[in-house]
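Structural description and commentary
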Amino acid sequence: MIPRVLAVKPLPQVRLWLCFHDGVQAAVDLSGEPWGPMFEPLNNPELFAHVKVDPELEMVVWPNVV
């Protein structure tokens, strides 16, 4: 079963607090994840703070960056 994310909050130092459909809550450190050109804009704390849960996909998303 794929865990569904119900809520997300940005935390300092490229971390997220997540709440899943089964009640599990966790802080996740994304600092070691592969970034590359697609994810490089998320190093900007202001953009990183715009994280949200897509209600249809039940996944963590950020706004598109041009």
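A short tour of the structure in this document, coming up. These numbers were taken from a predicted model, which means no experiment stands behind them. (Residues numbered from 1 in each chain as written. Predicted model: local features only at pLDDT ≥ 70, side-chain atom pairs only at ≥ 80, totals over all residues. Heavy atoms only, no water.)

Quick word on the pattern of salt bridges
Pairing between side chains of opposite charge can happen when the charged atoms of each approach one another. Test applied: Take a side-chain nitrogen of Lys or Arg and a carboxyl oxygen of Asp or Glu: if they are within 4 Å of each other, that pair is a salt bridge. A run of H or I in DSSP becomes a helix once it reaches four residues, and a run of E becomes a strand once it reaches two; helices and strands are each numbered from the N terminus. Here the term buried applies to any residue with accessible area under 20% of the maximum for its type, exposed to any over 50%, and partly exposed to those in between, with areas from a 1.4 Å probe on protein chains only.
Here the structure, examined in full by the defined rule, presents one salt bridge. Measuring nitrogen to oxygen at the nearest pair gives 3.1 Å for the salt bridge that ties Glu 58 to Arg 4. With Glu 58 in the loop between strand E4 (52–54) and strand E5 (59–61) and Arg 4 in the segment before strand E1 (5–11), the pair connects residues that are 54 residues apart, well separated along the chain. Relative accessible area serves as the criterion here: at 34%, Arg 4 is assigned to the partly exposed category.

Some words on the sheet that holds E1
Definition in use: Strand pairing requires that DSSP identify at least two bridges connecting the strands. Axis lines are fitted through C-alpha atoms, for helices just across the contact stretch, and the angle between N-to-C directions can take any value from 0 to 180 degrees.
A sheet is described by the order of its strands in space; here three strands give the open sequence E1-E2-E3, paired in antiparallel fashion. Looking along the sheet, the strands with just one partner apiece sit at the ends: E1 and strand E3 (25–29). Ignoring which end each strand starts from, the neighbouring axes of this sheet average 25° apart. The pairing of E1 with strand E2 (residues 15–20) spans six bridges and is classified as antiparallel. By the bridge assignment for E2, Lys 9 is matched with Trp 17.

Note that all results are geometric; they support no functional claim without further evidence.
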